[in-house]
Amino acid sequence: MAIEADIGLIGLGVMGANLALNIAENGYPIAVFNRTAEKLRVFADSAGPLGERIIRAGTLAELVAAIRPPRAIILMVQAGEAVDQQLEQLQPLLAPGDLIIDAGNANFRDTIRRARALDEAGLSFLGLGVSGGEEGARYGPSLMAGGTEASYARVEGILDAIAAKYNGEACCARLGPDGAGHFVKTIHNGIEYADMQMIAEIYGLMRDGAGMSAGEIATQFRRWNDGPLRSYLIEITAKVLETRDPGSETPVTDLILDRAGQKGTGRWSVIEAQVMGVPATAIEAAVAARSLSALKTEREFAAAAYGSLGSSSALERASFVATAEMALLAGKVTAYAQGFAVIAAASAQFGWNLPLPAIARIWRAGCIIRSDLLDTIASAFEAEKEAPNLLVVPAFVRIMQKAVPQLRAVVSDAVGSGLPVPSLAAALSHFEAYRQSRGTANLIQAQRDFFGAHGFDRTDTAGVHHGPWGLAVSSVSPAAMLDGPTRSSPANSGPVEE
Ligand code: ATR
């Protein structure tokens with residue numbers, strides 16, 4: 001086989017096949033391989049005129065032989081073990097300097113491990129987050145790369161060409177070394193979970209609280225897509241809600257079982273947030289809501305056990321609809337602020353120096369959370385480089401000042417009607433706590449000191465202090481009544497707790 005491909009691709013699932021067509025369409029000859037030969041045949045047959053730039057490889061050796069060295073090969077196989085298996089088979093066939101690009105939804109910790117192992121073998125590795133689903137892969141995804149500058153430079157031309165464009169700018173960037181791209185993709189997905197969940201919560205209030213039909217709700221979402229919520233997710237929500245089942249003419253959404261799937265990236269994003277101690281409660285609530293949705297049988301039992309419990313007092317439709325748009329915006333901004341805070345923390349922890357404005361910029365088109373709001377976020381981070389959080393950037397302070405009262409109204413309406421809004425309520429509580437200069441952790445510190453002698457800071461004196469708890473509790477020994485920065489024994493008996 002002649003050496004004629006600029007790049008190779010392994011894994012012709014939905015994403016891989018569309019990415020390969022996108023690359024070919026942009027003028028780059030590409031060699032493709034798939035473990036199951038039948039899929040390769042079907043793909044090649046469906047490629048049409050683009051087939052001229054697509055080289056079918058029946059084996060990995062043929063694939064490697066078809067690519068111009070130093071080679072670049074995209075892996076688009078199922079995330080997890082399949083990637084390691086594929087790397088193991090591929091490695092002996094490659095030459096030093098060859099580059100492997102994992103474009104699957106890898107866990108960034110795996111990407112760091114793989115980058116190190118391949119580096120030791122003289123090979124280069126890029127972890128590439130790809131967002132945009134099937135359509136994005138085919139016509140322009142958002143691409144988040146992690147790896148060395150030299151590795152990225154080798155494929156930058158191809159990646160820029162195939163990426164989505166926002167005002168002519170490619171939604172593609174090298175964000176940092178090794179796992180940086182896959183980490184950012186993970187948080188992108190976490191934000192996506194929150195975005196989708198909040199939309200679903202507003203839909204639930206309209207359906208179950210205001211008694212609106214799928215078509216009526218679709219009309220609202222279509223209107224909102226001309227305002228500050230304008231985004232891909234709002235647009236497709238209107239579209240799916242107005243779609244009818246061809247047989248019964250029933251709205252398709254009314255026929256879909258209320259049990260959501262998840263592949264793990266949302267969960268990873270909240271695990272990483274928790275590991276770093278970053279509050280990402282709106283995202284956590286969204287992930288938990290999917291898990292709760294899966295408990296369909298249990299929910300049916302619980303529904304029978306509790307009946308209506310005096311809930312679902314009807315929402316006043318006009319006033320609800322009037323407040324819901326800005327409420328959703330306030331929830332969404334909070335979820336984005338949390339997601340970017342997780343990214344900023346990881347950047348510091350892993351020394352990645354992640355560019356927050358660039359991340360917002362490459363999310364403006366191509367990916368599932370694409371929206372005009374991301375353009376505002378990019379400008380905000382650009383203007384306020386030292387801002388610790390999106391919620392204190394002036395442009396967003398102004399948005400939240402307008403929108404939060406409506407989020408309060410919507411959450412309060414939902415609570416009054418006995419309807420769940422876990423992500424919106426988590427966002428609201430986060431916001432309220434975040435803007436409190438004096439919170440309630442003084443009491444937590446007192447409790448911790450009482451049972452575990454953990455000590456606390458005082459508002460009026462420096463140093464670590466302990467409370468005179470024995471004065472209030474008769475069972476505490478006299479020794480424990482002493483206050484002062486030096487005492488180290490627990491104020492109360494029992495194991496040291498958190
Ligand atoms: P998508 O969602 O894009 O369709 P996916 O399920 O993430 O894709 O991955 C599917 C791809 O991974 C397929 O190309 C699959 O190969 P087969 O067609 O042979 O099933 C590939 N894949 C999965 N496990 C693999 C493994 N262990 N080795 C090689 N390829 C594997």
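Residues numbered from 1 in each chain as written. Predicted model: local features only at pLDDT ≥ 70, side-chain atom pairs only at ≥ 80, totals over all residues. Heavy atoms only, no water.

Caption draft 1: Geometry of the packing of aromatic side chains. The tally for this structure, following the rule as stated, stands at ten aromatic pairs. Ring centres 4.7 Å apart and planes at 20° place the aromatic pair Phe-350 and Trp-352 in the stacked group. Overall, Trp-352 belongs to the buried group, its relative accessible area being 4%. The structure contains a cluster of three or more aromatic residues connected by ring pairs, namely Phe-108, Phe-183, Phe-350 and Trp-352. Taking NZ or CZ as reference, Arg-290 lies 3.6 Å from the ring centre of Tyr-193, over its face. Between Arg-370 and the ring centre of Tyr-232, over which it is positioned, the NZ or CZ distance is 3.9 Å. (Phe/Tyr/Trp six-rings, centres within 6.5 Å; stacked < 30°, edge-to-face > 60°. Buried < 20%, exposed > 50% of the residue type's maximum accessible area, 1.4 Å probe, protein only. Lys NZ or Arg CZ within 6 Å of the ring centre and 35° of its normal.)

Caption draft 2: Here's a closer look at the sheet that holds strand β1 (residues 7-10). What the eight strands build is an open sheet, ordered β3-β2-β1-β4-β5-β6-β7-β10; its pairing is mixed. Both outer strands of the open sheet, β3 (54-56) and β10 (172-176), are each paired with one neighbouring strand and no more. For this sheet, the mean inter-axis angle between neighbouring strands, taken without regard to orientation, is 25°. Sheet analysis places β1 next to strand β2 (residues 30-33), joined by four bridges and oriented parallel. Within β2, the position partnered with Gly-8 by the bridge is Ala-31. In the packing of helix α4 (residues 81-90) onto the sheet, contacts are made with β1, β4 (72-75) and β5 (99-102), and the angle to β4 comes to roughly 155°. (Pairing = 2+ DSSP bridges. Helix = DSSP H or I, 4+ residues; strand = E, 2+ residues; numbered from the N terminus. Axes fitted to C-alpha atoms, helices over the stretch in contact; angles between N-to-C directions. Contact = heavy atoms within 4.5 Å.)

Caption draft 3: Highlighting the site of the ligand. Taken together, the neighbourhood of the ligand is formed by 14 residues, with Val-14, Asn-34, Thr-36, Gln-85 and Gln-86 sitting nearest. One of the backbone nitrogen or oxygen atoms of Gly-13 is found 3.4 Å away from an oxygen atom of the ligand. Contact with the protein chains hides 79% of the accessible area of the ligand, taken as 650 Å² for the molecule alone. Elements that contribute at least two residues to the shell around the ligand include exactly α1 (14-25) and α4. Counting residues per element, the shell around the ligand draws most heavily on α4, at three residues. (Near = heavy atom within 4 Å. Polar contact = N/O pair within 3.5 Å; in protein donor to acceptor, adjacent residues only side chain to side chain. Areas by Shrake-Rupley, 256 points an atom, 1.4 Å probe, with all protein chains shown as cover.)

Caption draft 4: The arrangement of the environment of Phe-450 in detail. Within the secondary structure layout, Phe-450 lies in helix α19 (residues 441-452). In this structure, the C-alpha to C-alpha distance between Phe-450 and Gly-470, residues 20 residues apart in sequence, is 9.1 Å.

Caption draft 5: Structural detail: the side chain of His-182. By the element assignment, His-182 lies in helix α8 (residues 180-209). Assessed through its relative accessible area of 0%, His-182 is described here as buried. Look past the residues within four positions of His-182 in its chain and what remains in contact with it is Asp-102, Gly-104, Ala-106, Phe-108, Thr-111, Gly-127, Leu-128 and Gly-129.

Caption draft 6: View of helix α11 (residues 265-276). The terminal C-alpha atoms of α11, which comprises twelve residues, lie 17 Å apart, in line with the 16 Å expected from a rise of 1.5 Å per residue. Every buried residue of α11 is listed here: Thr-265, Gly-266, Ser-269, Val-270, Glu-272, Ala-273 and Met-276. Burial along α11 is one-sided: seen end-on, the buried residues are contained in an arc of 155°. In α11, the exposed residues that point more than 90 degrees away from the buried face are Gln-274 and Val-275. Each element contacted by the buried residues of α11 is listed here: α5 (108-120), α8, α12 (281-293) and α14 (317-350). Phi turns positive, to about 70°, at Gly-277, one or two residues after α11. (Expected span 1.5 Å × (residues − 1). Arc of directions from axis to C-beta.)

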